[in-house]
Amino acid sequence: KKWQPSEALSHFLEQLIHDFKLSPTALNSYIECPQRFFYDNILRVPKTKNFTQSYGTAVHKALELLFKKYKRDFKLPSKKEFLKDFTEALEEEIFTTEERKRAMENGKEILTKYYDFYIEEWERKGAPLSCEYDFSKHDVFFNNIPITGKIDRIDLIDKISSKVKIVDYKTSSPKSLNFILGNTKDKDTKLMYQAYFYKMLSEADPLFQWKVKEIEFDFISPDKDKFRRVALPIDEKQYLEFKKTVE
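No experiment lies behind these values; they were computed from the predicted model shown.

Concerning the packing of aromatic side chains
Throughout the structure, instances matching the rule amount to 26 aromatic pairs. Aromatic pair Y114 and W122: ring centres 5.6 Å apart, planes at 55 degrees, arrangement tilted. Under the relative-accessibility criterion, W122 is labelled buried at 4%. Ring-pair connections join several aromatic residues into one group, and the members of that group are F67, F82, Y114, Y115, F117, Y118, W122 and F227. The residue whose ring lies beneath R153 is F67, and the NZ or CZ to ring-centre distance is 4.6 Å. The residue whose ring lies beneath K175 is F179, and the NZ or CZ to ring-centre distance is 5.8 Å.

Written as structure tokens, this is what we have:
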């Protein structure tokens, strides 16, 4: 006999999902494990962040401040200020003493190399259009499905046609395009789905004033002292299948 929730439980769950909005993380969580999605995204069972998540939060915050200040002041902040922002962001995270030391040493070393690697390009291209673009404030819907998300950075490609590039930071080790497309033995589509979700958000948001031309993953961890960015080609057939998956 198929289990059916009681009337009281059904009402409780309806209240929980009343304000629920689907995000890239929630979608990937559901695809990977519906039960985990239920606990994490519907019941919202409290849990602490692990080392990787806390470290990633601090790196993202430092990069957010770097480009927000660049956009505000029309001048790229110094490397010293960039590392100071990282240190302060790290202080907001919960670590053991040993973890904090490791995060501080690794982060400063990597972000120093990252800054040196890209500074000439950043100064040549100028400040980005937007940092931490938050869709949650715009009541975005895809086919009556409330959706949300946040873009790390938006760079201008063509001012006349309003074409832009979405940039998403990753503190994990660099991944190949084949991995992102789910073409390796891992069959991992999380990054591709995340990228397509951003495109879907941009198209559904009436306040998003640009057209997404490129979606790029910027890997903050170097590979033999070289940093990698991977641009995802937008396959319209694949993108259509993705939207069916969301529905």
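Back to the write-up after that little detour.
Some points on the pattern of salt bridges
Within this structure, the stated rule accounts for 23 salt bridges. Residue E32 pairs with K190 through a salt bridge whose shortest N-O separation is 4.0 Å. With E32 in helix α2 (residues 24-32) and K190 in helix α8 (residues 190-204), this residue pair connects regions lying 158 residues apart in the sequence. Note that R229 and E216 form a salt bridge whose closest N and O atoms lie 3.9 Å from each other. Of the two residues, R229 is situated in strand β7 (residues 226-232) and E216 in strand β6 (residues 211-223); the sequence distance between them amounts to 13 residues. In this structure R229 comes out as partly exposed when scored by relative accessible area, which is 23%. For E216, a relative accessible area of 8% corresponds to the buried category. When salt bridges that share partners are traced, they join E121, K125, K165, E216 and R229 into one network.

Thoughts on the confidence of the model for the protein
Mean pLDDT over the protein stands at 94; residues scoring 70 or higher make up 99%. The secondary-structure element of the protein with the lowest mean pLDDT is helix α1 (residues 7-16), recorded at 86, while helix α5 (residues 79-91) shows the highest, at 98.

Describing the sheet that holds strand β4 (residues 150-158)
Taken in spatial order, the five strands make up an open sheet running β1-β4-β5-β6-β7, and their pairing is mixed. At either end of the open sheet lies a strand with only one pairing partner, and these are β1 (130-134) and β7. The average undirected angle you get between the axes of adjacent strands in this sheet is 35 degrees. For β1 and β4, the ladder comprises four bridges, and the chain directions are antiparallel. In the sheet register, C131 faces β4, and the bridge partner there is R153. Strand contacts of helix α4 (residues 51-73): β1, β4, β5 (163-170) and β6, with the helix running at about 120 degrees to β1, the strand carrying the most contacts. On top of the sheet, α8 reaches β4, β5, β6 and β7; it is set at about 145 degrees to β6, its chief contact.

Here we look at a nonpolar patch on the surface
A cluster of nonpolar side chains, namely W3, L9 and F12, defines an oily patch on the protein surface of about 340 Å² accessible area. One can find W3 in the segment before α1. Since its relative accessible area comes to 62%, W3 is described here as exposed.

Structural notes on the side chain of D152
Along the chain, the position of D152 falls in strand β4. K170 is the oppositely charged side chain nearest to the buried, salt-bridge-free D152, at an N-O distance of 6.6 Å. Among the polar contacts made by the side chain of D152, one reaches the side chain of H60 at a distance of 3.5 Å. Aside from chain neighbours lying at most four places away, what touches D152 is H60, S130, C131, E132, V167, D168 and Y169.

Considering the pairing of β4
Two elements, β4 and β5, share five bridges in a ladder whose sense is antiparallel. Its bridge partner being in β5, L156 is matched across the sheet by V164. Adjacent in sequence and paired antiparallel, β4 and β5 are bridged by four residues, among which S162 carries a positive phi angle near 60 degrees.

Calculation rules
Residues numbered from 1 in each chain as written. Predicted model: local features only at pLDDT ≥ 70, side-chain atom pairs only at ≥ 80, totals over all residues. Heavy atoms only, no water. Phe/Tyr/Trp six-rings, centres within 6.5 Å; stacked < 30°, edge-to-face > 60°. Buried < 20%, exposed > 50% of the residue type's maximum accessible area, 1.4 Å probe, protein only. Lys NZ or Arg CZ within 6 Å of the ring centre and 35° of its normal. Salt bridge = Lys/Arg side-chain N within 4 Å of Asp/Glu carboxyl O. Helix = DSSP H or I, 4+ residues; strand = E, 2+ residues; numbered from the N terminus. pLDDT = per-residue confidence, 0-100. Pairing = 2+ DSSP bridges. Axes fitted to C-alpha atoms, helices over the stretch in contact; angles between N-to-C directions. Contact = heavy atoms within 4.5 Å. Patch = residues over 30% accessible without salt bridge, like charges linked within 9 Å, V, L, I, M, F, W, Y side chains within 5 Å. Areas by Shrake-Rupley, 256 points an atom, 1.4 Å probe, with all protein chains shown as cover. Lys, Arg positive; Asp, Glu negative; His and termini not counted. Polar contact = N/O pair within 3.5 Å; in protein donor to acceptor, adjacent residues only side chain to side chain.

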